[in-house]
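Report on the structure
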Amino acid sequence: MQRTNAQVPDEVSELLARLRDPEFARILIVTLAESTPVHEADRLQTDLRRAGIEPFGWVINASLTTSVTTHAVLQARAVSELAHIARVEELSARGTWRVGWQAEPPVGTAALRRLAGAMNRPASVGGA
């Protein structure tokens, strides 16, 4: 926005500065382990970095790789996710987290806290 000739309101400039501050905001990129969502999330990360915002990490949502399914189709889908997960791990400078497919979506603060507690560590951490 700052590169355009448009006037940038002070509120927007202040917000961008805050989003660039890792002590104020941690930006997580959320994607599915599929080709198009990973590609689009990669483009988002590029745009964020161009704006001076470094993502904290990536979340791979609704992954079947964490399940213990015995259904052949779901097992095949889980295997097909592996290449996309590897790509996300390459793209994420700080870490990736996998959220398994949920029969019931986690709604509300308590459900999200339980989910976050189950994900206490990144699936992998890239970089230093």
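The structure displayed is predicted, hence computed values, not measured ones. (Residues numbered from 1 in each chain as written. Predicted model: local features only at pLDDT ≥ 70, side-chain atom pairs only at ≥ 80, totals over all residues. Heavy atoms only, no water.)

1. Remarks on the pairing of strand S3 (residues 96-100)
Look at any regular strand and the pattern is simple: side chains alternate between the two faces of the sheet. With respect to burial, S3 is a largely interior element, 4 of its 5 residues being buried. As judged from the 4 bridges shared by strand S2 (residues 57-63) and S3, these two strands associate in the parallel manner. When the bridges of S3 are listed, Ile-60 appears paired with Arg-98. In this fold, the crossover linking S2 to S3 by way of helix H3 (residues 72-91) has right-handed handedness. (Buried < 20%, exposed > 50% of the residue type's maximum accessible area, 1.4 Å probe, protein only. Helix = DSSP H or I, 4+ residues; strand = E, 2+ residues; numbered from the N terminus. Pairing = 2+ DSSP bridges. Right-handed = clockwise from strand over helix to strand, strands pointing away.)

2. Comments concerning the confidence of the model for the protein
Confidence in the prediction of the protein, expressed as mean pLDDT, is 87, and 88% of residues score 70 or more. Segment residues 124-128: pLDDT under 50, and 10 contacts once partners within four positions in sequence are set aside and those in other chains are kept. (pLDDT = per-residue confidence, 0-100. Contact = heavy atoms within 4.5 Å.)

3. Considering the pattern of salt bridges
On inspection of all chains with the given rule, the structure shows 6 salt bridges. Across the salt bridge formed by Glu-34 and Arg-77, the nearest N and O atoms sit 2.6 Å from each other. Here the residue Glu-34 occupies a position in the loop between strand S1 (28-32) and helix H2 (35-50), and Arg-77 occupies one in helix H3, the gap between them amounting to 43 residues. On the basis of relative accessibility, which here comes to 40%, the residue Arg-77 falls in the partly exposed class. Among the salt bridges present, the one from Asp-47 reaches Arg-50, with a minimum N-O distance of 2.2 Å. One end of the pair is Asp-47 and the other is Arg-50, both in helix H2 and 3 residues apart, which spans about a single turn. Three or more residues are tied together by salt bridges with common partners; here these are Asp-42, Arg-87 and Glu-90. (Salt bridge = Lys/Arg side-chain N within 4 Å of Asp/Glu carboxyl O.)

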